[in-house]
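Structural overview
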Amino acid sequence: MTVVLKLGGSVITEKSEPETVAEDVIDRAAAAIAETDDELVVVHGGGSFGHHHADRHGVSTTDGTRDAGAVTDVHDAMKRLNAAVVDRFQDHGVAAVPVHPLSVASRDEEGTLTLPSGGIATMLDEGFVPVLHGDVVVHASTGATILSGDELVADLAESLDADRVGLCSAVPGVLDESDEVIARIDRFDDVAAVLGGSDATDVTGGMAGKVRTLLALSAPAVIFGVDDLPSFLAGSSPGTVVAGESTDD
Ligand code: IP8
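In what follows, the accompanying structure is described. Fair warning: this is a prediction, and the values are worked out from it, not measured in the lab. (Residues numbered from 1 in each chain as written. Predicted model: local features only at pLDDT ≥ 70, side-chain atom pairs only at ≥ 80, totals over all residues. Heavy atoms only, no water.)

Quick notes on the overall build of the protein chain
Of regular secondary structure, the protein chain possesses eight helices and twelve strands. Since a compact globule built from 249 residues should have a radius of gyration of about 18 Å, the 17 Å found for the protein chain is in line with a globular shape. For the protein chain, the spread of C-alpha atoms along the principal axes amounts to about 45 × 45 × 35 Å. Looking at the 249 residues of the protein chain, the share that counts as buried comes to 50%. Contacts in the protein chain between residues at least 24 apart in sequence constitute 76% of all its contacts with a sequence separation of at least 6. Counting every atom, the protein chain has about 10,600 Å² of accessible surface; 45% of that belongs to carbon and sulfur. Between the centroid of the 14 positive side chains of the protein chain and the centroid of its 43 negative side chains there is a distance of 4 Å. (Helix = DSSP H or I, 4+ residues; strand = E, 2+ residues; numbered from the N terminus. Rg over C-alpha atoms; globule rule 2.2 N^0.38 Å. Buried < 20%, exposed > 50% of the residue type's maximum accessible area, 1.4 Å probe, protein only. Contact = heavy atoms within 4.5 Å. Areas by Shrake-Rupley, 256 points an atom, 1.4 Å probe, with all protein chains shown as cover. Lys, Arg positive; Asp, Glu negative; His and termini not counted. Charge placed at Lys NZ, Arg CZ, Asp CG, Glu CD.)

Comments concerning the pairing of strand β7 (residues 135-139)
Counting buried positions over the five residues of β7 gives four, a clear majority of the element. As paired strands, strand β4 (residues 106-107) and β7 are joined by two bridges and run parallel to one another. Residue pairing across strands places S106 opposite V138, the latter belonging to β7. The antiparallel pairing of β7 with strand β8 (residues 143-147) creates a hairpin that spans three residues between the two strands, and S141 there sits at a positive phi of about 65 degrees. (Pairing = 2+ DSSP bridges.)

Regarding the sheet that holds strand β12 (residues 240-242)
Sheet architecture is open: eight strands sit in the order β3-β6-β2-β1-β9-β11-β12-β10, paired in mixed fashion. Across the chains shown, the open sheet's two edge strands, defined by having one partner strand only, are β3 (96-98) and β10 (184-185). Summarising the sheet, strand β11 (residues 221-225) and β12 pair through three bridges and their orientation is antiparallel. Each residue of the ladder has a partner; that of I223, found in β12, is T240. This element, helix α4 (residues 68-91), spans β1 (2-7), β2 (39-44), β3 and β6 (129-133) of the sheet and lies at about 155 degrees to β6. (Axes fitted to C-alpha atoms, helices over the stretch in contact; angles between N-to-C directions.)

Focus on the environment of D179
Mapped onto the secondary structure, D179 falls in the loop between β9 (164-169) and β10. Sequence separation of D179 and V165 is 14 residues, and the distance between their C-alpha atoms is 23 Å.

A look at the nonpolar core
If you look at the biggest cluster of nonpolar residues, it comprises 36 residues, and the most contacted ones within it are L132, L156, V165 and V211. Listed by contribution, the elements that provide at least two residues to this core are β2, α5 (118-125), α6 (149-159), β9, α7 (207-215) and β11. Counting residues per element, this core draws most heavily on α6, at five residues. Look past the residues within four positions of L156 in its chain and what remains in contact with it is V4, V41, V43, L115, I120, L132 and D161. In this structure, I12, I33, A77 and L81 belong to the second largest nonpolar core, which totals 32 residues. (Core = buried A, V, L, I, M, F, W, Y, C linked by side-chain atoms within 4.5 Å.)

Describing the packing of aromatic side chains
Considering all chains together, one arrives at one aromatic pair under this definition. Between the aromatic rings of F224 and F232, the centroid separation amounts to 4.8 Å while the plane-to-plane angle is 20 degrees, which identifies the pairing as stacked. Over the ring of F232 we find R164; its NZ or CZ atom is 4.1 Å from the centre of that ring. Positioned above the aromatic ring of F188, the side-chain terminus of R212 is 3.8 Å from the ring centre. (Phe/Tyr/Trp six-rings, centres within 6.5 Å; stacked < 30°, edge-to-face > 60°. Lys NZ or Arg CZ within 6 Å of the ring centre and 35° of its normal.)

Let's talk about unusual backbone geometry
One non-glycine residue, S141, lies in positive phi territory at about 65 degrees. Locating S141 in the fold gives a position in the loop between β7 and β8. A relative accessible area of 52% means that S141 is categorised as exposed. Here D179, not a glycine, exhibits a phi torsion of approximately 60 degrees, which is positive.

Structural notes on the pattern of salt bridges
Any two side chains of opposite charge can pair, given that their charged atoms come close. Applying the stated criterion across every chain, the model contains ten salt bridges. Between E19 and R80 there is a salt bridge whose closest N-O contact spans 2.9 Å. Of the two residues, E19 is situated in the loop between α1 (9-12) and α2 (23-33) and R80 in helix α4; the sequence distance between them amounts to 61 residues. On the accessibility criterion, E19 (29% relative accessible area) is partly exposed. Linking K210 and D150 is a salt bridge whose minimum nitrogen-to-oxygen distance equals 3.1 Å. Of the two residues, K210 sits in helix α7 while D150 sits in helix α6, which places them 60 residues apart along the sequence. Residues K210 and D150 agree in their burial class; the two are buried. Salt bridges sharing partners connect three or more residues here, namely K6, D150 and K210. (Salt bridge = Lys/Arg side-chain N within 4 Å of Asp/Glu carboxyl O.)

See below:
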């Protein structure tokens, strides 16, 4: 069983305080991950590390930069967060290894991502847990743009033919107007009215973008809160199941 898990940037950092790691949450995630026997790829978001720098330099998923200093500002911040995650995972006995998308990925002129996954597949075969992160990535005719963790999750889910996808979020699932968790989403139109934006600086979009991305996947996806991570890794589907028409579940 191959599982792609995203740890949201709002979950593993204090998103309103620049470059502050939520150490207790990363420890809890690491302890849960240490228990799983599945082949697991972890992707984490930018939280208070990547987004502030991206915002400061005016870089987004579509607005690029050719300023190498801006590229390294964003990338280095994400590497600092990635190192904090990998270190804590290793402390809990997880065979975590870092993978930095800037070094391997690119976008074409239309913005379509190419992420070679052969190395990641071999990491899984060899018992490692690759840990990727939202990043800045070279983009044909645009310089460099932001690559969200959600895009990485979607790409890896397809290229690795993942069996399950999980998004561990700051909320316990997709919430309706009464803040109740919506159990299942099959069509974007059913929830379009209730999906708002993110409440802190976030250059890659909020819950609406996540749901749209997950609906397009072949594998069933689940959005859940950090308390439900052990349950998700044990095979349950807590929170909101996002299962598009192409999902074979
Ligand atoms: O938090 C964005 O990743 P996300 C990464 O998954 C950067 O949207 C560099 C802002």
